[in-house]
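# Structural description and commentary
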Amino acid sequence: MPTTASASRMRELKEREDARYHAARPKSTALRQRASAVMPNGVPMAWMRGSYHHEPPWVAGAAGAHFTDVDGFSYADFNIADMSMFCGYAPAPVVRATHEAMLRGNQFMLPVEDAIVVAEELGRRFGLPQWQFTSSASQANMEAIRIARVATGREKVLVFDGKYHGHLDQTLVALDDTGQVIPEERGLSSLGAAQSVVVPFNDSEALRAALQRGDIALVMTEPALTNNHVLILPDPGFHVALRALTREAGALLCIDETHTQVVGPGGLTRAWGLQPDLVTAGKSIAAGVPLGAWGMCAELADLMTQRKGPDGERDGLIATGGTLFGNPLGLAAARAAMLEVLTPQAYAHTQALGTELAAGMRAAVQRAGLPWYIHELGPRAGYVFAPQPPRNAAEARAVQDDTLARLIRVWLANRGVWEAIVGAGPTVPVPAVREDVALYLEAFDGLLQALVR
Ligand SMILES: Cc1ncc(COP(=O)(O)O)c(C=O)c1O
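Residues numbered from 1 in each chain as written. Predicted model: local features only at pLDDT ≥ 70, side-chain atom pairs only at ≥ 80, totals over all residues. Heavy atoms only, no water.

Strand order in the open sheet formed by four strands is S1-S2-S3-S19, and the pairing between neighbours is mixed. The open sheet terminates on both sides in strands that have one partner only, identified here as strand S1 (59–63) and strand S19 (417–418). Both strand S3 (residues 74–77) and S19 contribute to a ladder of two bridges, which runs parallel. Considered in S19, the bridge of Ala76 is made with Val417. (Pairing = 2+ DSSP bridges. Helix = DSSP H or I, 4+ residues; strand = E, 2+ residues; numbered from the N terminus.)

Attention now moves to helix H12 (residues 328–341). The end-to-end C-alpha distance of H12, which contains 14 residues, comes to 18 Å, matching closely the 20 Å that a straight helix rising 1.5 Å per residue would cover. Across the 14 residues that make up H12, a large majority, ten, are buried. Burial in H12 covers these residues: Pro328, Gly330, Leu331, Ala332, Ala333, Ala334, Ala336, Ala337, Met338 and Val341. Looking at the packing, one finds that the buried side of H12 touches helix H4 (92–104), helix H5 (113–126), strand S4 (130–134) and helix H13 (344–368). Where H12 begins, the side chain of Asn327 points an oxygen toward the backbone nitrogen of Leu329, at a separation of 3.0 Å. (Expected span 1.5 Å × (residues − 1). Buried < 20%, exposed > 50% of the residue type's maximum accessible area, 1.4 Å probe, protein only. Contact = heavy atoms within 4.5 Å. Polar contact = N/O pair within 3.5 Å; in protein donor to acceptor, adjacent residues only side chain to side chain.)

Turning next to the site of the ligand. Within the structure, the ligand sits among 14 residues, and Ser138, Asn227, Asp256, His259 and Lys283 are positioned closest to it. In the model, a nitrogen atom of the ligand is placed 2.6 Å from a nitrogen or oxygen of the Asp256 side chain. The side chain of Lys283 places a nitrogen or oxygen atom 2.7 Å from an oxygen atom of the ligand. Protein chains bury 85% of the 390 Å² of accessible surface belonging to the ligand in isolation. (Near = heavy atom within 4 Å. Areas by Shrake-Rupley, 256 points an atom, 1.4 Å probe, with all protein chains shown as cover.)

What follows is about the side chain of Gln261. Looking at the element boundaries, Gln261 is found in the loop between strand S12 (252–256) and helix H10 (267–271). Separated by 2.7 Å, the side chain of Gln261 and the backbone oxygen of Gly282 make a polar contact. Ignoring any residue separated from it by four or fewer positions in sequence, one finds Gln261 in contact with Phe126, Gly267, Ala281, Gly282, Lys283, Ser284, Ile285 and Tyr347.

According to the domain assignment, the protein contains domain 1 (7–86 + 344–452) and domain 2 (92–341). A straight line from the C-alpha centre of domain 1 to that of domain 2 covers 28 Å. On the domain 2 side, the residues contacting the 29 residues of domain 1 number 26 residues. Taken together, both faces of the contact between domain 1 and domain 2 bury some 2400 Å²; the carbon and sulfur share is 60%. (Domains from an automatic or database assignment. Buried area = accessible area lost by both parts, 1.4 Å probe.)

The buried fraction of strand S9 (residues 216–221) amounts to six of the six residues, a majority that puts the element mostly inside the structure. Summarising the sheet, strand S5 (residues 156–160) and S9 pair through four bridges and their orientation is parallel. Note that in S9 the partner of Val159 across the bridge is Met220. Both S9 and S12 contribute to a ladder of four bridges, which runs parallel.

Bringing unusual backbone geometry into the picture now. A negative phi holds for most residues other than glycine; trans holds for most peptide bonds. Its identity as a non-glycine residue notwithstanding, Asn41 has a phi of 70°, on the positive side. Following the sequence through the fold, Asn41 ends up in the loop between helix H2 (26–35) and helix H3 (47–50). At Met109, a residue that is not glycine, the phi angle is positive and equals roughly 55°. Among the structural elements, Met109 can be located in the loop between H4 and H5.

What follows covers the packing of helix H1 (residues 7–23) against helix H15 (residues 402–413). Between H1 and H15, whose axes approach to 9 Å, the crossing angle comes to 35°. In this structure, H1 crosses over H15, and the sense of that crossing is left-handed. Touching Met10, Leu13, Lys14, Arg16, Glu17, Asp18 and Tyr21 of H1 are Thr403, Leu404, Arg406, Leu407, Val410, Trp411 and Ala413, all from H15. Split by residue class, the contact of H1 with H15 holds eight nonpolar, one polar and five charged. (Axes fitted to C-alpha atoms, helices over the stretch in contact; angles between N-to-C directions. Left-handed = near helix turned anticlockwise from the far one by under 90°. Nonpolar A, V, L, I, M, F, W, Y, C, P; charged D, E, K, R; others polar.)

If you want it as structure tokens, here you go:
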């Protein structure tokens, strides 16, 4: 049985689907041509063009679980802006709360009560007592690194191969062929890479060896890796070993819940009973309004307390914070999102649909006779082009097929389903209904049948 379909069939289908996609979207193409005069790549962030193999559709509007492009096509959104729109588009409580926040004043550089409510709710969910805010998850991770340096007097950060924690010098790193840590993209400082250590996920021995050198301030990881096309789950016992080894070595542990928080209140930290020193989050906590958050244990919070020098001057500052971080608009959105949208019922609903989606994908794969593994985690499902799930990023890379992944995305887009960015498979957003899942499954099944025909 082939692991994937034949390369020539894939190419043939991809060319046909790409042509169909582009021919039907002249308005998007025209907008990008106009945009090229004022923006590199013709998009507001240059990578936005590269992330999609086909032209990105320009968006006209969105509501609930769907968005519409300027050429009039509507998409059931299973990528949900790389997890940031898990609450869906324009959820009424968040629209109301942000509207009111704008009317009250959206930025003061002074505290508002919503900050307390949001911190209390994050504490209840993730089990850490003290919280600070930023404008994004990347910035929350940057702050976590800073405080870990202060707390430990060390500088290095350990991350796992296959991680993504934002475009920070110290975490956007990779291993070269000789095992040397190098900047993963251009423009990053080699000093960042020099202070980073990368080991394979699920490899407790490599972790132990790296930590034993005694120079790691912080280990940062997602509880399950979500940025490798496929989901990489921890082996049984890996998180127990991770916690024990970091404690033993005097290194802090930060769990990045930016993507995995969608599995339930408190993300996988709560679901799996993890006990990190720090938790970071962003994206969907404020329904996609820019807000990042980082939670910490009481000992770390104590380090943040502002001390006064002998003349009452500020002393011992830790380099954290930014003018627009934790602003009232984001906090109002987070309060409404967590208290009124991300309810226990909403998580139960998305998990039930996630299970339905994964089951339907398994049935489609079986019907086509393809030996693909279908994974499932809460509202999220996904496909591995191999019979077994990978245990680390090297295994994930070995079974990845970019042409096939791109074909899946453009095929789905041509049938009103959006999943077109690197991720760990489709995720069901809060406002999605069974008909959306059925639409996904019909398109997915159709592609697999076309592939093996
Ligand atoms: C696990 C994880 N952490 C942090 C980030 C950075 O999020 P942002 O780009 O919103 O700062 C991402 C983005 O994809 C992520 O996947």
